[in-house]
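# Descriptive structure summary
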Amino acid sequence: QVQLVESGGGLVQPGGSLRLSCAASGIIFSISDMGWYRQAPGKEREMVATITGGAYTKYADSVKGRFFISRDNAKNTVYLQMNSLKSEDTAVYFCYSLVFRREYWGQGTQVSVSS
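Rules used in this analysis
- Residues numbered from 1 in each chain as written.
- Predicted model: local features only at pLDDT ≥ 70, side-chain atom pairs only at ≥ 80, totals over all residues.
- Heavy atoms only, no water.
- Phe/Tyr/Trp six-rings, centres within 6.5 Å; stacked < 30°, edge-to-face > 60°.
- Helix = DSSP H or I, 4+ residues; strand = E, 2+ residues; numbered from the N terminus.
- Buried < 20%, exposed > 50% of the residue type's maximum accessible area, 1.4 Å probe, protein only.
- Pairing = 2+ DSSP bridges.
- Disulfide = S-S within 2.5 Å.
- Core = buried A, V, L, I, M, F, W, Y, C linked by side-chain atoms within 4.5 Å.
- Contact = heavy atoms within 4.5 Å.
- Polar contact = N/O pair within 3.5 Å; in protein donor to acceptor, adjacent residues only side chain to side chain.
- Axes fitted to C-alpha atoms, helices over the stretch in contact; angles between N-to-C directions.

With that out of the way, let us pick up the packing of aromatic side chains. Counted according to the given criterion, the structure contains three aromatic pairs. Ring geometry for Tyr37 and Tyr96: centres 5.2 Å apart, planes at 55 degrees, overall tilted. Taken together, the residues Tyr37 in strand S4 (residues 33-39) and Tyr96 in strand S9 (residues 91-99) connect sequence positions 59 residues apart. For the residue pair Tyr37 and Tyr96, the accessibility class agrees, reading buried in each case.

Set out below in structure tokens:
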């Protein structure tokens, strides 16, 4: 059974930082493409950052230079380091996995940026 479990969300002031983690089980993590998506109230889910099994990364324009995705294959975990957070980063953040053409999603973790 595949499980993606996110952690690290919370409330932070504008300009602050958070690091999200996603622990994966039930998949061959090292060859899985992993990613983070987010969904704000009333908006569609959007890609934030992805990282392939070969560690190639891709970012949404809105987070380039502020967010950084990484993976630790020994721990079956993908991270999202979020810096210089803005109010518009407020959303539920979802972990995503694509392996053997099958998609998996975590349950999401709330990130709120507010003073």
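Only one face of strand S7 (residues 67-72) is covered, namely the one carrying Phe67, Ile69 and Arg71; the face carrying Phe68, Ser70 and Asp72 has none of its residues buried. Sheet analysis places S7 next to strand S8 (residues 77-82), joined by six bridges and oriented antiparallel. Note on S8: the bridge partner recorded for Phe68 is Gln81. Taking the residues that link successive antiparallel strands as the turn, the S7-S8 hairpin has four residues, and the phi of Asn76 there is positive, at about 55 degrees.

What follows deals with the state of the cysteines. Scanning all chains against the criterion turns up one disulfide. Across the disulfide, Cys22 is cross-linked to Cys95 (sulfur-sulfur distance 2.1 Å). The chirality of the disulfide connecting Cys22 with Cys95 is left-handed, given an S-S dihedral of about -85 degrees. With a gap of 73 residues between them, Cys22 in strand S3 (residues 18-25) and Cys95 in strand S9 connect regions that are remote in the sequence. Accessibility assignment for this pair places Cys22 and Cys95 in one class, buried.

Attention now goes to the nonpolar core. If you look at the biggest cluster of nonpolar residues, it comprises 30 residues, and the most contacted ones within it are Trp36, Val78, Leu80, Met82 and Tyr93. Mapped by element, the contributors of at least two residues to this core are S3, S4, strand S5 (46-51), S7, S8, S9 and strand S11 (109-113). Residues in contact with Tyr93, not counting those within four places in the same chain, are Glu6, Leu20, Trp36, Tyr37, Arg38, Val48, Phe67, Leu80, Met82, Gly108, Thr109 and Val111.

To continue, consider the environment of Glu46. The topology assignment puts Glu46 in strand S5. In this structure Glu46 touches Tyr37 and Arg38, once residues within four positions along its chain are discounted. A polar contact is formed between the side chain of Glu46 and the side chain of Arg38, at a distance of 2.7 Å.

Below, the discussion takes up unusual backbone geometry. The phi dihedral of Asn76 is positive, around 55 degrees, even though this residue is not glycine. With respect to the helices and strands, Asn76 occurs in the loop between S7 and S8. The exposure class of Asn76 is partly exposed, given its relative accessible area of 26%. Of note in the backbone geometry, Arg101 takes a positive phi value of approximately 65 degrees without being a glycine. Tracing the chain through its elements places Arg101 in the loop between S9 and strand S10 (102-105).

With that settled, consider the sheet that holds S8. Pairing is antiparallel in the open sheet, where four strands are placed in the order S1-S3-S8-S7. The sheet is open, and its two edges are formed by strand S1 (3-7) and S7, each paired on a single side. Each adjacent strand pair in this sheet contributes to an overall mean axis angle of 15 degrees, direction not counted.

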